[in-house]
Amino acid sequence: MTLEIFIYESLEDVLGDNYEGAVERIIKHKDIYQDDTPISLCLLALGSFKNKKYDEYCQFMKDAQFLVEQSKEILTYILYELVLAYVSFAEKNSSLYSINYNKARKYAIKNQK
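To start, this report covers the structure provided alongside it. Please read these numbers as outputs of a predicted model, since none were measured by experiment.

Conventions used here
Residues numbered from 1 in each chain as written. Predicted model: local features only at pLDDT ≥ 70, side-chain atom pairs only at ≥ 80, totals over all residues. Heavy atoms only, no water. Helix = DSSP H or I, 4+ residues; strand = E, 2+ residues; numbered from the N terminus. Rg over C-alpha atoms; globule rule 2.2 N^0.38 Å. Buried < 20%, exposed > 50% of the residue type's maximum accessible area, 1.4 Å probe, protein only. Areas by Shrake-Rupley, 256 points an atom, 1.4 Å probe, with all protein chains shown as cover. Core = buried A, V, L, I, M, F, W, Y, C linked by side-chain atoms within 4.5 Å. Contact = heavy atoms within 4.5 Å. Expected span 1.5 Å × (residues − 1). Axes fitted to C-alpha atoms, helices over the stretch in contact; angles between N-to-C directions. Parallel < 35°, antiparallel > 145°, perpendicular 65-115°, else oblique. Disulfide = S-S within 2.5 Å. Salt bridge = Lys/Arg side-chain N within 4 Å of Asp/Glu carboxyl O.

### Quick notes on the overall build of the protein chain
Line of reasoning, step 1. Secondary structure assignment for the protein chain yields 6 helices and 0 strands.
Line of reasoning, step 2. Computed over the C-alpha atoms, the radius of gyration of the protein chain is 13 Å, within 12% of the 13 Å expected from 2.2 N^0.38 for a compact globule of 113 residues.
Line of reasoning, step 3. For the protein chain, the C-alpha atoms occupy an extent of roughly 30 × 30 × 25 Å along the three principal directions.
Line of reasoning, step 4. Per-residue burial over the protein chain gives 36% buried out of 113 residues.
Line of reasoning, step 5. With an accessible surface of roughly 7,300 Å², the protein chain has 53% of that area assigned to carbon and sulfur atoms.

Encoded structure:
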């Protein structure tokens with residue numbers, strides 16, 4: 001399974017009704033592919049936020065932020081900013097949503113060149 005497929009399927013489960021199954025799959029992936037840990041933490045944070053587990057969300061995002069800053073993978077930056085944008089949008093904070101979404105967009109455009 002490619003990383004993109006893993007992210008896509010995990011997001012479907014996290015945003016759908018299969019949160020517990022998604023958590024199990026994400027943790028298993030994180031344990032096998034340790035280079036993908038920041039991505040896994042972002043996905044876990046998104047699921048925690050969506051399921052109103054705000055303490056878990058904060059912890060996952062703090063850990064993810066530290067690892068994203070250490071990472072050289074552009075995909076980790078994009079996913080991290082998109083999770084922040086999703087949370088800002090859900091909290092009706094449109095200015096912060098715009099900032100995070102535009103950061104993710106700039107990373108993606110920069111990566112295409």
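### Quick word on the nonpolar core
Line of reasoning, step 1. With 24 residues, the main nonpolar core has Ile 26, Tyr 57, Met 61 and Tyr 80 as its most contacted residues.
Line of reasoning, step 2. Listing elements by their share of this core, those giving two or more residues are helix 1 (3–15), helix 2 (19–32), helix 3 (37–50), helix 4 (54–70) and helix 5 (74–90).
Line of reasoning, step 3. Apart from residues no more than four positions distant in its own chain, Tyr 80 is found in contact with Cys 42, Met 61, Ala 64, Gln 65 and Val 68.

### A word on helix 3
Line of reasoning, step 1. Taking 1.5 Å of rise per residue, the 14 residues of helix 3 would be expected to cover 20 Å, and the 20 Å separating its terminal C-alpha atoms lies within 8% of that figure.
Line of reasoning, step 2. Summarising burial for helix 3: 13 of the 14 residues are buried, a large majority.
Line of reasoning, step 3. Positive backbone phi, at 60°, marks Lys 52, one or two positions downstream of helix 3.

### Some points on the packing of helix 3 against helix 5
Line of reasoning, step 1. Direction vectors running N to C along helix 3 and helix 5 enclose 10°, while the axes themselves pass 9 Å from each other. Between helix 3 and helix 5, the angle falls in the class roughly parallel. Residue-level inspection shows Pro 38, Ile 39, Cys 42, Leu 43, Leu 46, Phe 49 and Lys 50 of helix 3 in contact with helix 5, the latter providing Leu 75, Thr 76, Leu 79, Tyr 80, Val 83, Tyr 86, Val 87 and Ala 90.

### Topic: the state of the cysteines
Line of reasoning, step 1. Inspection of every chain in the model, using the stated rule, returns 0 disulfides.
Line of reasoning, step 2. Cysteine Cys 42 shares no disulfide, and the gap to the nearest cysteine sulfur, in Cys 58, comes to 14 Å.
Line of reasoning, step 3. Note on Cys 42: relative accessible area 1%, which makes it buried.
Line of reasoning, step 4. Classification of Cys 58 by relative accessible area gives partly exposed; the value is 40%.

### Focus on unusual backbone geometry
Line of reasoning, step 1. The phi angle at Lys 52 is positive, at roughly 60°, despite the residue not being glycine.
Line of reasoning, step 2. Within the secondary structure layout, Lys 52 lies in the loop between helix 3 and helix 4.
Line of reasoning, step 3. According to the relative accessible area criterion, Lys 52 is exposed, its value standing at 62%.
Line of reasoning, step 4. The backbone phi angle of Lys 92 is positive, close to 60°, even though this residue is not glycine.

### Considering the pattern of salt bridges
Line of reasoning, step 1. For the structure on display, the rule yields 2 salt bridges.
Line of reasoning, step 2. Of the charged contacts in the structure, one is a salt bridge between Asp 31 and Lys 30, with a shortest N-O distance of 3.9 Å.
Line of reasoning, step 3. When its relative accessible area of 23% is taken as the criterion, Lys 30 is described as partly exposed.

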